[in-house]
Amino acid sequence: AGDFLPFHLNDPLLSAGDISRRSYDVGAGIWFYKLITDNKSTVHNYCYQFGISLPQFPRNEQGNRYLDPQGDATILPKRHIHVSAVGQKFLDESSLLELSSWIRFALNAPTVLDCNVSYRWRSGFWFGGGYSTSKILHFEVGHTVMISKNGNSALRIGYGFDSTLGDFQSLFSTGHELNISYMLD
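On a predicted model such as this, the values are computed, not experimentally measured, just so you know.

## Considerations on the packing of aromatic side chains
Scanning the entire structure with this criterion turns up three aromatic pairs. Taken together, a centroid distance of 4.8 Å and an interplanar angle of 80° make the contact between Tyr119 and Trp121 edge-to-face. You can call Trp121 partly exposed: its relative accessible area is 37%. Seen from their ring centres, Tyr119 and Phe127 are 6.3 Å apart, and the 45° between their planes marks the pair as tilted. Among the aromatic residues, those joined into a ring-pair cluster are Tyr119, Trp121 and Phe127. Seen from the ring of Trp126, Arg120 lies directly overhead, with NZ or CZ sitting 4.8 Å from the centre. One Lys or Arg, Arg156, reaches over the ring of Trp126 and ends 4.6 Å from the middle of that ring.

Now the structure itself:
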């Protein structure tokens, strides 16, 4: 048995060529929140949230293909669980500061902690950033659109950009994501 190589010797990433691959990632989860108010103004309101999700559901069977010395090998992504917590503080009548974190658990893999901060306006726009223990910087921007007349349902659309700082920077340098979420009350 030869040594496993995480790449093929003729891989375009090792030469002047370029290679891209697109795949899907659909997730499912549940989110709970509690708004604490003094009924006088939104300046004193806080919101606490907790969630759990299962990304890559259904499982992406496409996987990542690598060649070892004996032939072709496919590495499928591992199922993992995210546990999330968020705290929001309304700064004034038109904006809030949000601190969030999530922990990712996967069998036989390191636990990853991600911490973020974002600033949100009542108009619906937001921007933010964060850092992960997997050595990734994250930046995001987006907009929230209220759908129901009573303001209890919302559609959030955002764009995120990730930049890898660790040892795999040359292989996995950046990531882009489009996120769409719907909130029911």
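## Quick word on the pairing of strand β9 (residues 136-146)
As defined by bridge partners, strand β8 (residues 125-132) adjoins β9 across eight bridges and the pair is classed as antiparallel. Looking across to β9, one finds that Gly130 is bridged to His138. Taking the residues between adjacent antiparallel strands as the criterion, β8 and β9 are bridged by three residues, where Lys135 takes a positive phi near 60°. Where β9 and strand β10 (residues 154-164) come together, 11 bridges link them in antiparallel fashion. Paired with Ile136 across the strands is Thr164, a residue of β10.

Parameters and conventions
Residues numbered from 1 in each chain as written. Predicted model: local features only at pLDDT ≥ 70, side-chain atom pairs only at ≥ 80, totals over all residues. Heavy atoms only, no water. Phe/Tyr/Trp six-rings, centres within 6.5 Å; stacked < 30°, edge-to-face > 60°. Buried < 20%, exposed > 50% of the residue type's maximum accessible area, 1.4 Å probe, protein only. Lys NZ or Arg CZ within 6 Å of the ring centre and 35° of its normal. Pairing = 2+ DSSP bridges. Helix = DSSP H or I, 4+ residues; strand = E, 2+ residues; numbered from the N terminus.

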